[in-house]
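Residue-level listing of the chains:
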Amino acid sequence: MIGLRPANLSGIAALAAHCDDLAIGAGGSLLTLCAARPGLRVDALVLSGGGSEREDEERAALAAFCPGADLRVTVLKLPDGRLPAHWEEAKAAVEELRARTDPGLIFAPWRGDAHQDHRGLAKLVPTAFRDHLALGYEIVKWDGDLAAPSVYQPLAPEVAEQKVDLLQRHYASQRHRPWYDREAFLGLARIRGIECHARYAEAFHVSKLIVDLEN
Ligand SMILES: [Zn+2]
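What counts and what doesn't
- Residues numbered from 1 in each chain as written.
- Predicted model: local features only at pLDDT ≥ 70, side-chain atom pairs only at ≥ 80, totals over all residues.
- Heavy atoms only, no water.
- Phe/Tyr/Trp six-rings, centres within 6.5 Å; stacked < 30°, edge-to-face > 60°.
- Helix = DSSP H or I, 4+ residues; strand = E, 2+ residues; numbered from the N terminus.
- Buried < 20%, exposed > 50% of the residue type's maximum accessible area, 1.4 Å probe, protein only.
- Lys NZ or Arg CZ within 6 Å of the ring centre and 35° of its normal.
- Donors = N, O, S within 2.8 Å, 3.2 Å for Na, K, Ca; no water.
- Tetrahedral: all angles 85-135°; square planar, octahedral: opposite > 155°, others 65-115°.
- 1 Å grid on protein atoms, 1.4 Å probe; cavity = no way out; pocket = protein on both sides within 12 Å on 5 of 7 lines; lining within 4 Å.
- Points joined across faces, edges and corners; volume = space filled by probe spheres on them.
- Nonpolar A, V, L, I, M, F, W, Y, C, P; charged D, E, K, R; others polar.
- Salt bridge = Lys/Arg side-chain N within 4 Å of Asp/Glu carboxyl O.

K.L.:
Outline the packing of aromatic side chains, listing residues and values.
P.N.:
Going through the model one piece at a time under the given rule, you end up with 3 aromatic pairs. When the ring of phenylalanine 107 is compared with that of phenylalanine 204, the centres are 5.5 Å apart and the planes differ by 40°; the resulting orientation is tilted. Of the two residues, phenylalanine 107 is situated in strand S4 (residues 105-109) and phenylalanine 204 in strand S7 (residues 200-205); the sequence distance between them amounts to 97 residues. With a relative accessible area of 2%, phenylalanine 107 lands in the buried category. For phenylalanine 204, a relative accessible area of 1% puts it in the buried group. Centre to centre, the rings of tyrosine 180 and phenylalanine 185 are 5.1 Å apart; their planes meet at 85°, and the pair counts as edge-to-face. Taken as a pair, tyrosine 180 and phenylalanine 185 share a single burial class, namely buried. Three or more aromatic residues link up through ring pairs in this structure, and these residues are Trp179, Tyr180 and Phe185. The ring of tyrosine 200 is capped by arginine 199, whose NZ or CZ atom sits 5.7 Å from the centre of that ring.

The following block contains the structure:
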């Protein structure tokens, strides 16, 4: 398998509807990226949770998931579960992020996500970032929307462990949820690892990818 290695990656953008989505969906990839690229600019936009304890959790967690990065976090106050009713605000936030960044890579939800907030944000991303590679992360949930992903980031076992430890440590408000546990996070990473000949991996959906066969 040929590995896609983005050249000159100076910055990435990470978008989420809720606090903890980025850590769950792409935490291992963020750890891997930031360890390999000290000073990498990471612009994170989270649409909900602003002004609450969840914002504090998210800021501390993202700092831990992006060690050494030039991290800029924005947490807005859109109500959880109401993105369609706040479409214009969400769209403006994504466009504002686009206006101040030109990321080499984007982490965002994917279009097949069953949560309407995730799905709505997934639809907004390509309206603002029209010439960018966006990796759509997966989040296990009751709705049962896992699908066959097409892109894998293998995770070193210690990175997979670190991801799970950070998820447990930083999101105290989520620990009571029945699906929020080490077994679920590591289990999915193990399955995605099997699918790409690694021990652990995170997997992503891509709706558009251009290859350059000339160079
Ligand atoms: Zn979410």
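Next, the rest of the story.
K.L.:
Summarise the coordination of the zinc ion; cite the residues concerned and give the values.
P.N.:
The zinc ion binds to the protein through His18 (ND1), Asp21 (OD), Asp21 (OD) and His118 (NE2), with metal-donor distances spanning 2.0 to 2.4 Å. Bound by 4 donor atoms, the zinc ion shows angles of 55 to 127° at the metal and therefore irregular coordination geometry. On the accessibility criterion, aspartate 21 (3% relative accessible area) is buried. Among the residues examined, histidine 118 registers a relative accessible area of 4% and is labelled buried.

K.L.:
Would you mind going over empty space enclosed by the protein in detail, with residue names and values included?
P.N.:
Under the counting rule described, the total for this entry stands at 2 cavities of 30 Å³ or more. Taken as a whole, the largest cavity holds about 150 Å³ of empty space. Forming the boundary of the largest cavity are 14 residues, of which Ile24, Glu138, Lys163, Phe185 and Leu188 lie nearest the centre. With 5 residues, helix H6 (residues 182-195) is the largest single contributor of residues to the lining of the largest cavity. The class makeup of the residues in the lining of the largest cavity is 9 nonpolar, 1 polar and 4 charged. By volume, the second largest cavity amounts to about 50 Å³. Along the walls of the second largest cavity sit Ala17, His18, Leu47, Ser48, Leu78, Pro79, Asp80, Gly81, Leu83 and Asp117, which together make up its complete lining.

K.L.:
Could you give me a rundown of the layout of surface pockets, with the residues and numbers involved?
P.N.:
The space that makes up the largest pocket amounts to roughly 1900 Å³. Forming the boundary of the largest pocket are 48 residues, of which Leu4, Leu133, Leu135, Val206 and Leu209 lie nearest the centre. For the lining of the largest pocket, the leading source of residues is S4, giving 5 residues. Considered class by class, the residues forming the lining of the largest pocket number 30 nonpolar, 10 polar and 8 charged. Its boundaries defined by the atoms lining it, the second largest pocket holds a volume of some 280 Å³.

K.L.:
Residues and numbers for the pattern of salt bridges, please.
P.N.:
Applying the stated rule across the entire model yields 14 salt bridges. Two residues, arginine 98 and aspartate 102, come together in a salt bridge whose shortest N-O distance is 3.8 Å. Residue arginine 98 is classed as partly exposed on the basis of its relative accessible area of 26%. As a salt-bridge pair, arginine 192 and glutamate 138 come within 2.8 Å of each other at their nearest N and O atoms. Here arginine 192, found in helix H6, pairs with glutamate 138, found in the loop between strand S5 (134-137) and strand S6 (151-155); they are 54 residues apart in sequence, far enough to count as distant.

The values are spatial; any link to function lies outside them.
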